[in-house]
Structure formats: structure tokens, C-alpha cells
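Letter by letter, the chains look like this.
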Amino acid sequence: MLKEKFDLTGKTALVTGSTRGIGKAIGDAFEEYGAKVIRHNTKVCDLADPAAIDAFFDRLEAESSMPDILVANASIQAKVPWTEFPMDEARKEMQVNFFATLRMFQRCYPKMKAQKWGRLIVVGSVNELRPHPDMCVYAATKSAQENLVRGIGRQIASEGITVNNLSPGVFNTDRNRECLADPVYGPRVTAAIPMHDYAMPEDAAGAALLLASDAGRYITGATIRIDGGLCLPG
Ligand SMILES: NC(=O)c1ccc[n+]([C@@H]2O[C@H](COP(=O)([O-])OP(=O)(O)OC[C@H]3O[C@@H](n4cnc5c(N)ncnc54)[C@H](OP(=O)(O)O)[C@@H]3O)[C@@H](O)[C@H]2O)c1
């Protein structure tokens, strides 16, 4: 039965940044389909701090809660022209958006390999294809993440572990709420989207569930765009 292939009963999922926005919607969907979801935010483990990431995974290991499914969803972004972008901020974005993902992959992999089942999912951005002029650093961190997915995908494809990139377009979450409510900027953004609408956090949940479950077992190294057609040519 196809329905059963979406079932996550018995799986532990760590979704970073899952107390609000897209991460929360993904965590809620995984719970609805039976997974034990580890909710995460800056208070649980600040991904800007490499030592905190290892301490967090040490704790998960000690509690026998190492994830079968990892969704690297949390990210940070600053809107500053590249000519003035502070190097400390650039290093922090690279740490939170890319190095933290690499380290979490490294920590999750041994269990997934041993049990011959695992799901590594990153949340990217349409900025991989269409860098916002004032978010070039953020865009570069997302492209680095996408490239890591493709590099790793081939190497672990035969081990029952898939690794994929979910790439959102414009979602109405805390980071965008003010811009989208702006009477001039908001309609300009939606006019540029072929569907003429922005997404809500739940719009990412179905694709995440597909990638996290046995229903998506043959999908690896892929980028799935959830962007209302924003990246389509023309
Ligand atoms: N919203 C969009 O339109 C859009 C578009 C393209 C891509 N994306 C991507 O989608 C993902 C989710 O975006 P969102 O808009 O849902 O995010 P959001 O509403 O801004 O929520 C961000 C989440 O990440 C956590 N977080 C931020 N910095 C962290 C850190 N240093 N350490 C640990 N956790 C941290 C936050 O925790 P706290 O609550 O503790 O701050 C929060 O739970 C991101 O990767 C983003 O780049 C979003």
C-alpha cells in the first residue's frame, strides 16, 4: 500500500529550527505520520557554535536518540550589499548554513550506515539559482549545501541513505512577514511568482515527508523546488 510507505512510525527525526516557520511545519507533518521529532532552535543548540553542535549530538547519542532522519532547516541571512558585507557575519552564515550541516551529516552517518537506512535533507533556497543582490553570501552558503548533497548522494546511494535538497521560494514566515505585508514591495514579489502567491510553511511539508519516508526511497541527490514556478525560465 502506498499509504504505508509514508508512515514514519519508529523513526526519530531531528529537524533543526523546528519551533517556527518551515521547520515547524515539517516537524508537525513528521509527527502526524508517526515519527518522534526532536524540536530544535537556538536555545537547544546554537548552530553558530561548533562545540555546541558536538555537545548536542553527544547528548543525543547518550540518550539513544540519534536521528534516522535529519532535516537541516535552520539558517540565517543578512541583507547587506556584498561590497560592505562584514566578514564576521559572512563566517557566521557559512557556519550556521553550511559547516553545521556538514558536521551534522558526519555525526548522523554512522548510525544510518550501520542500520542501512537514513534520510539526510537540507533546506536550500531559490537563491541557489537566483541570488538576491543583497544576500549573495546567503545564496553562496545555500549553493555550497546543494553541492554537498550532490557530492555525498552518489557515495552513499547504495547504503540505504538518501540525501536531498528542498528548495523553497517565497514563504510567509517570520523572516519575510514584514516585507510581504509592505503595500509596495509585497505585490511586487507576488507578481514575479508565476503562481502569483507566496507559500505558507505547510506547503513544504508534503515534499519533506516524501523525501523522509520509504515513499521517496529512490530519490537521491535531487533538488526539489517549492517555489510556485519562480525558477522557471521566461
Ligand atoms: N521563508 C522563506 O521565504 C524561505 C525562502 C527560501 C529558503 N528558506 C529557507 O527555509 C528554512 C526555514 O526558513 P524559515 O523562514 O521557516 O525560518 P524562520 O521562520 O526564520 O525560523 C528559523 C528557525 O531556525 C532557527 N535558527 C536560526 N538561527 C539558528 C542558529 N544559529 N542555531 C539554531 N537554530 C537557529 C530559529 O530558532 P529561534 O527561534 O531560536 O531563532 C527558528 O526555529 C531556512 O533554511 C531558510 O533559508 C526560507
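Since we're looking at a predicted model, the values are computed, not measured.

*Asks:* Would you take a moment to explain unusual backbone geometry for this structure?
*Replies:* Where the residue is not glycine, phi is negative for most of them; where a peptide bond is considered, it is trans in most cases. In the Ramachandran plot, S64 falls in the positive-phi region, its phi being about 50° despite a non-glycine side chain. Relative to the helices and strands, S64 is located in the loop between α3 (50-62) and β3 (69-72). Even without glycine at this site, H196 takes up a positive phi of about 55°. Tracing the sequence through the fold places H196 in the loop between α7 (185-192) and α8 (205-212). Looking at H196, the relative accessible area reads 56%, which means it is exposed.

*Asks:* What's the story with the packing of aromatic side chains in this structure? I'm lost.
*Replies:* The relation between two aromatic rings is expressed through the spacing of the ring centres and the mutual angle of the planes. Evaluation of the coordinates by the stated rule reveals two aromatic pairs. With 5.7 Å between their ring centres and 80° between their planes, F56 and F57 make a pair best called edge-to-face. Take F56 and F57: they sit in the same class, and that class is buried. Positioned above the aromatic ring of W117, the side-chain terminus of K11 is 4.1 Å from the ring centre.

*Asks:* Would you mind going over the pattern of salt bridges with me for this structure?
*Replies:* Any two side chains of opposite charge can pair, on the condition that their charged atoms come close. In this structure the tally under the stated criterion is 15 salt bridges. Between D54 and R103 there is a salt bridge; the shortest N-O distance is 3.0 Å. Here D54, found in helix α3, pairs with R103, found in helix α4 (residues 87-115); they are 49 residues apart in sequence, far enough to count as distant. Relative accessible area serves as the criterion here: at 22%, D54 is assigned to the partly exposed category. Judged by relative accessible area, which is 31%, R103 ranks as partly exposed. The salt bridge involving E146 is made with R225; its shortest N-O contact spans 4.0 Å. In this pair, E146 is assigned in helix α5 (residues 136-156) and R225 in strand β6 (residues 223-226), connecting sequence segments 79 residues apart. Taking the relative accessible area as the measure of exposure, R225 reaches 28% and is therefore partly exposed.

*Asks:* I tried to follow α7 on my own but got confused; where do I start?
*Replies:* An α-helix turns once every 3.6 residues. As a result, residues three or four positions apart point the same way. Taken residue by residue, α7 has G186, V189 and T190 as its buried positions. Angularly, the buried residues of α7 cover 95° about the axis, an arc narrow enough to put them on a single face. Opposite its buried face, α7 presents the exposed residues R188 and A191, each directed more than 90 degrees away. For α7, the secondary structure elements touched by its buried residues are α6 (177-181).

*Asks:* Would you explain the site of the ligand in this entry?
*Replies:* In the vicinity of the ligand there are 30 residues, among which T42, N73, Y138, T173 and N176 approach most closely. For the ligand, an oxygen atom lies 2.8 Å from a polar atom in the side chain of R20. S75 places a polar side-chain atom, nitrogen or oxygen, 2.7 Å from an oxygen atom of the ligand. Burial of the ligand by the surrounding chains reaches 91%, relative to a free accessible area of 910 Å². When contributions to the shell around the ligand are tallied by element, the ones reaching two or more residues are α2 (21-32) and α5. Here the shell around the ligand is built from residues that sort into 12 nonpolar, 13 polar and five charged.

*Asks:* Just to check I follow, could you spell out the packing of α4 against α5 for this structure?
*Replies:* Relative orientation and spacing of two packed helices are given, respectively, by the angle between their axes and the distance between those axes. At a closest axis distance of 8 Å, the pairing of α4 and α5 adopts a crossing angle of 15°. Considering the angle they form, α4 stands roughly parallel to α5. The two elements α4 and α5 meet at a crossing, and its hand is right-handed. For the pair formed by α4 and α5, the contact residues are A90, E93, M94, N97, F98, T101, L102, F105 and Y109 on the first element and V137, Y138, T141, A144, Q145, L148, I152 and I156 on the second. Within the contact of α4 with α5, the residues separate by chemical class into 12 nonpolar, four polar and one charged.

Here is what the cut-offs are and how they apply
Residues numbered from 1 in each chain as written. Predicted model: local features only at pLDDT ≥ 70, side-chain atom pairs only at ≥ 80, totals over all residues. Heavy atoms only, no water. Helix = DSSP H or I, 4+ residues; strand = E, 2+ residues; numbered from the N terminus. Buried < 20%, exposed > 50% of the residue type's maximum accessible area, 1.4 Å probe, protein only. Phe/Tyr/Trp six-rings, centres within 6.5 Å; stacked < 30°, edge-to-face > 60°. Lys NZ or Arg CZ within 6 Å of the ring centre and 35° of its normal. Salt bridge = Lys/Arg side-chain N within 4 Å of Asp/Glu carboxyl O. Arc of directions from axis to C-beta. Contact = heavy atoms within 4.5 Å. Near = heavy atom within 4 Å. Polar contact = N/O pair within 3.5 Å; in protein donor to acceptor, adjacent residues only side chain to side chain. Areas by Shrake-Rupley, 256 points an atom, 1.4 Å probe, with all protein chains shown as cover. Nonpolar A, V, L, I, M, F, W, Y, C, P; charged D, E, K, R; others polar. Axes fitted to C-alpha atoms, helices over the stretch in contact; angles between N-to-C directions. Parallel < 35°, antiparallel > 145°, perpendicular 65-115°, else oblique. Left-handed = near helix turned anticlockwise from the far one by under 90°.

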